[in-house]
Amino acid sequence: MARWQPDAPGRLAAAALDLFEEHGYENTTVAEIAERAGLTKSTFFRYFPDKREVLFDGGTVTGVLVEGIASAPPAAGPLDAVAHALDALGRTFFTANRREFSGRRQAVLNANRELREREALKRLDLTASMNEALDRRGVPRLTARVAAELGTLVWEIAYDQWIDTDNSEDFGPLARQALAEVRAAGVVR
């Protein structure tokens with residue numbers, strides 16, 4: 001085993017992505033992922049409960065969104081608080097150095113039903129977390145739910161555009177553009 005190196009979760013995710021692309025998700029084992037990352041199987045399970053989770057952020061995206069909603073200016077409306085959170089996400093998580101990995105990751109997810117199902121569950125959790133964060137800001141329950149659902153839609157649109165290899169725009173401006181389009185459609189003002 002090689003000397004200790006930092007960022008075990010990142011190394012495991014990169015190794016998993018490479019192996020999933022090379023051999024397919026179904027044909028890759030946790031032991032192979034750990035070995036490719038230069039780690040042990042027990043180290044893998046220290047960070048991820050199962051093979052499906054290795055390509056998901058471990059709650060990082062949700063945490064950034066919840067904190068971004070909480071730290072939005074007090075006078076911000078529900079969608080403005082969500083926009084503040086999406087800006088934070090673009091600055092801290094969806095950065096230029098993650099774009100290629102994210103695009104490759106999405107291709108692997110799109111090719112595997114089990115991973116698409118996991119992603120759908122993660123998005124439901126993300127929406128629920130935004131809803132709860134808006135509720136803590138005192139946003140009425142129905143308004144918070146609608147804003148959280150729209151926030152997830154805006155996130156999905158911006159993410160799909162951000163990982164597009166023909167696009168070089170940052171995530172934050174893409175999210176703001178998608179939010180402007182939602183507002184222009186007259187969904188929420």
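Residues numbered from 1 in each chain as written. Predicted model: local features only at pLDDT ≥ 70, side-chain atom pairs only at ≥ 80, totals over all residues. Heavy atoms only, no water.

Moving on, we come to the overall build of the protein. Looking only at helices and strands, one finds nine helices and zero strands in the protein. Helices and strands appear in the protein in the N-to-C order α-α-α-α-α-α-α-α-α. Computed over its C-alpha atoms, the radius of gyration of the protein comes to 18 Å, within 12% of the 16 Å expected for a compact globule of 189 residues. In terms of overall dimensions, the protein has a C-alpha envelope of 55 × 35 × 30 Å along the principal axes. The buried share of the protein, taken over its 189 residues, is 45%. Counted over contacts in the protein with a minimum sequence separation of 6, partners at least 24 positions apart contribute 65%. By element, 52% of the accessible surface of the protein is carried by carbon and sulfur atoms, the whole surface being about 10200 Å². For the protein, the separation between the mean place of its 24 positive charges and that of its 28 negative charges on side chains is 4 Å. (Helix = DSSP H or I, 4+ residues; strand = E, 2+ residues; numbered from the N terminus. Rg over C-alpha atoms; globule rule 2.2 N^0.38 Å. Buried < 20%, exposed > 50% of the residue type's maximum accessible area, 1.4 Å probe, protein only. Contact = heavy atoms within 4.5 Å. Areas by Shrake-Rupley, 256 points an atom, 1.4 Å probe, with all protein chains shown as cover. Lys, Arg positive; Asp, Glu negative; His and termini not counted. Charge placed at Lys NZ, Arg CZ, Asp CG, Glu CD.)

Attention shifts here to the environment of Thr143. For Thr143, the position within the fold is in helix α8 (residues 141-163). A relative accessible area of 38% means that Thr143 is categorised as partly exposed. For the pair Thr143 and His84, spaced 59 residues apart in sequence, the C-alpha separation works out to 17 Å.

The next thing to look at is the side chain of Asn112. Position of Asn112 among the secondary structure elements: in the loop between α6 (99-110) and α7 (113-136). Here Asn112 is in contact with Tyr25 and Glu26, once residues within four sequence places are set aside.

We now examine the pattern of salt bridges. Per the stated rule, a full pass over the model turns up 13 salt bridges. Salt-bridge contacts for Glu22 lead to Arg36; the nearest nitrogen and oxygen are separated by 2.9 Å. Placement of the pair is Glu22 in helix α1 (residues 8-23) and Arg36 in helix α2 (residues 30-37), with a sequence separation of 14 residues. Counted as one network, the salt bridges with shared partners bring together Asp50, Arg52, Glu53, Glu114, Arg118 and Lys122. (Salt bridge = Lys/Arg side-chain N within 4 Å of Asp/Glu carboxyl O.)

Let us look at the environment of Ala81. Counting through the fold element by element, Ala81 comes out in helix α5 (residues 78-92). The exposure class assigned to Ala81 is buried, which follows from its relative accessible area of 0%. Between the C-alpha atom of Ala81 and that of Ala70, which follows or precedes it by eleven residues, the distance is 7.8 Å. Filtering out sequence-adjacent residues up to four positions away, Ala81 remains in contact with Gly68, Ile69, Ala72, Ala76, Leu134 and Arg137.

Next up on the list: α6. For α6, which comprises twelve residues, the first-to-last C-alpha distance of 16 Å matches the rise-based estimate of 16 Å (1.5 Å per residue) to within 8%. Every buried residue belonging to α6 is among Arg99, Phe101, Ser102, Arg105, Gln106, Val108 and Leu109, and all of these are buried. Tucked inside the fold, the buried residues of α6 contact α1, α7 and α8. (Expected span 1.5 Å × (residues − 1).)

The subject of this paragraph is the side chain of Thr95. Summarising the element assignment, Thr95 is placed in the loop between α5 and α6. Within the structure, the side chain of Thr95 is placed 2.3 Å from the side chain of Asn97, a separation counted as a polar contact. Ignoring sequence-local partners within four residues, the contact set of Thr95 consists of Gly90 and Trp162. (Polar contact = N/O pair within 3.5 Å; in protein donor to acceptor, adjacent residues only side chain to side chain.)

Moving on, we get to the packing of α6 against α8. At a minimum axis distance of 9 Å, the contact between α6 and α8 shows a crossing angle of 110°. The angle between α6 and α8 falls in the class roughly perpendicular. Of the residues in α8, those in contact with Arg99, Ser102, Gly103, Arg105 and Gln106 of α6 are Tyr159, Trp162 and Ile163. Classifying every residue of the contact of α6 with α8 gives three nonpolar, three polar and two charged. (Axes fitted to C-alpha atoms, helices over the stretch in contact; angles between N-to-C directions. Parallel < 35°, antiparallel > 145°, perpendicular 65-115°, else oblique. Nonpolar A, V, L, I, M, F, W, Y, C, P; charged D, E, K, R; others polar.)

At a minimum axis distance of 8 Å, the contact between α7 and α8 shows a crossing angle of 135°. Taken together, the axes of α7 and α8 lie oblique to each other. In the packing of α7 onto α8, the handedness of the crossing is right-handed. Contact residues: α7 offers Arg123, Leu126, Thr127, Met130, Asn131, Leu134 and Asp135, while α8 offers Arg141, Ala144, Arg145, Ala147, Ala148, Glu149, Gly151, Thr152, Trp155, Glu156 and Tyr159. Classifying every residue of the contact of α7 with α8 gives eight nonpolar, four polar and six charged. (Left-handed = near helix turned anticlockwise from the far one by under 90°.)

These figures capture arrangement, not role.
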